[in-house]
Amino acid sequence: MVKETEIKLRVSRETLAALRDHPLLKKRNKSGWQTCELFNQYFDTPERDLAQAKVALRLRRDGEQFIQTLKTRGQSVAGLSERNEWDWYLSKAKLDTKKLSAECWPASLAELDKKQLKPIFTTDFVREKAEIAWGRGKAKVVIEAALDLGKVIAGEGEEEICELELELREGDPAALLELAAELAADLPLMPCDISKAERGYRLFDSGSYSLSLPAPELSAEQSLDDAFCALAWHLLGSSQRLAEQYRFNGHWKLLAQWLEKLIELRALLGSLGQAAPRASSTTLREALDGLLGDWRPRLLAGQHDDSLRKNAPALFAAELQGNRWGLFSLNLSRWLLARSWTVERNNRGNRQGAAVLGNWLPTLLKEEGAALQLKRYQQQPEDLAEQLPRIERIQAWLHLARQVLEVAEVDRLYGELCKLHELALQPMDAEVLATRVAQAHTVATLKPWKLLVQ
């Protein structure tokens, strides 16, 4: 068994060709590009028991060699994945179920009759690979770069494989993100938290691809630094999965959910005060503001315009043909992995970052709630939009960390605040202004709101 640490990046054919001759890879290429053709058959039961257990079972032909591989889902965050992998070299192209012993086989599948395992899809592709030496000070880092081009085929369905895969052979996993980010500064690379096996399952059953990642389990005793980091990783990973699925099927609601994750990320970044000095996140906030500045108006307009919804997949494809989204994703991953917001903050910032969430969050909500001045906007509803960033900061924490608040009916408060947020975005007319007044009054008179801001 070995532990596999890698990052997958979806690319176009043009980018794949450009990567082959990219100066950054060419300079550090210690082996030259080696080409091989890989034929892969994946196995599962008709009920997809292996997929539900988060494992993949594959039989690969590499030249004259046959390799049986079992992979666990392991840990995957925002495209950077770690998982356990077992390989067995076989003399013929036939699955050897005797190799699937308790040492590697999930306990949840202990009672499974392995005779039920059948071929369900294939992933056949040409791989060009090279060993890249990536220095990090005096530490030695070796990364295998693989350029994969081929197809996933399940029944009558097929999808192209076109990706760059960076796998750590030696050294610090942070090097994978460093190399990927430097490449993404020149070329459009989309971190893609979906394996070839997941693509095959998605073709086999379109409902099998999980959009939601497990929400982090926050506690009142957790530090602000730890809670923020967990939430940011969750939002970034979720946004990447939503982007991948929207690219795949073009369903409007997925684009709206993708935007919601970015709005919550921006709200979190803007809520930390001295715990995250503004200078530490300037580049990230500017990148997010650029994405939101373009996509928020499109989503708002598309709510009432069917032609805009139909054109949105083409606009999103154009977004992915640039490097803005991929570079932001990779830079945020690097920032979170290194906890860069903690590096140059002052003592007060260190104390704030170390504060327990159960104490810090009520204080934040009290300050933000008081500054929202709901009574004022009952008198001046035309100015409510100026409070959108503050409303979004309150919304984000109520949504993501409500379990640490000792206040009843927080979900109701969140729902009413969402209605106020939606009204603040709508074009003004007499009816909208009147509804803003009424909704501001509703929020201000809710018992949980009074408890939070008192």
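Residues numbered from 1 in each chain as written. Predicted model: local features only at pLDDT ≥ 70, side-chain atom pairs only at ≥ 80, totals over all residues. Heavy atoms only, no water.

If you look the protein chain up in an unreviewed UniProt entry, it shows as Inorganic triphosphatase from Aquipseudomonas guryensis.

A. Focus on the packing of helix α7 (residues 252–269) against helix α14 (residues 388–400). α14 packs onto α7 with a crossing angle of 105° between their chain directions and a minimal axis gap of 8 Å. Here α14 runs roughly perpendicular to α7, going by the angle between their axes. From α7, I263, E264, A267 and L268 reach across to α14, where they touch E392, R393, A396, W397, H399 and L400. (Axes fitted to C-alpha atoms, helices over the stretch in contact; angles between N-to-C directions. Helix = DSSP H or I, 4+ residues; strand = E, 2+ residues; numbered from the N terminus. Parallel < 35°, antiparallel > 145°, perpendicular 65-115°, else oblique. Contact = heavy atoms within 4.5 Å.)

B. Examining the environment of L19 more closely. Relative to the helices and strands, L19 is located in helix α1 (residues 13–20). With a relative accessible area of 0%, L19 lands in the buried category. Separated by 164 residues in sequence, L19 and L183 have C-alpha atoms that sit 8.3 Å apart. With residues up to four places along the chain from it excluded, the contact list for L19 reads V11, L25, W33, L147, L164, L183, L187 and L189. (Buried < 20%, exposed > 50% of the residue type's maximum accessible area, 1.4 Å probe, protein only.)

C. Layout of the pattern of salt bridges. Applying the stated criterion to the full structure yields 38 salt bridges. Ionic pairing is found between R13 and E160, a salt bridge with its closest N-O pair at 2.7 Å. Of this pair, R13 sits in helix α1 while E160 is found in strand β9 (residues 157–170), placing the two residues 147 residues apart along the sequence. For E160, a relative accessible area of 33% translates into the label partly exposed. Salt-bridge contacts for E165 lead to R127; the nearest nitrogen and oxygen are separated by 3.5 Å. (Salt bridge = Lys/Arg side-chain N within 4 Å of Asp/Glu carboxyl O.)

D. Main features of the domain arrangement of the protein chain. You can read the domains of the protein chain as domain 1 (2–204), domain 2 (224–347) and domain 3 (356–453). Each of domain 2 and domain 3 has a C-alpha centre, and the two are 22 Å apart. Listed as interface residues are 13 residues of domain 2 and, on the opposing side, eleven residues of domain 3. With both sides pooled, the region where domain 2 packs onto domain 3 buries about 1200 Å², and carbon together with sulfur makes up 73% of that total. When the buried area of domain 2 at its contact with domain 3 is split by residue, L224, E264 and S271 rank highest and sum to 37% of it. Here domain 2 is connected to domain 3 by one salt bridge. Residue E392 pairs with R296 through a salt bridge whose shortest N-O separation is 2.8 Å. Joining domain 2 to domain 3, the criterion identifies three residue pairs in polar contact (both at pLDDT 80 or more). The set of elements that each furnish at least two residues to the side of domain 2 that touches domain 3 consists of α6 (224–249), α7 and α8 (278–302). (Domains from an automatic or database assignment. Buried area = accessible area lost by both parts, 1.4 Å probe. Polar contact = N/O pair within 3.5 Å; in protein donor to acceptor, adjacent residues only side chain to side chain.)

E. Region of interest: the pairing of β9. The sheet contact formed by strand β1 (residues 2–10) and β9 spans five bridges and is antiparallel. What sits directly across from R10, in β9, is E163. What sits between strand β8 (residues 142–154) and β9 in their antiparallel hairpin is a turn of two residues, with G155 showing a positive phi close to 60°. (Pairing = 2+ DSSP bridges.)

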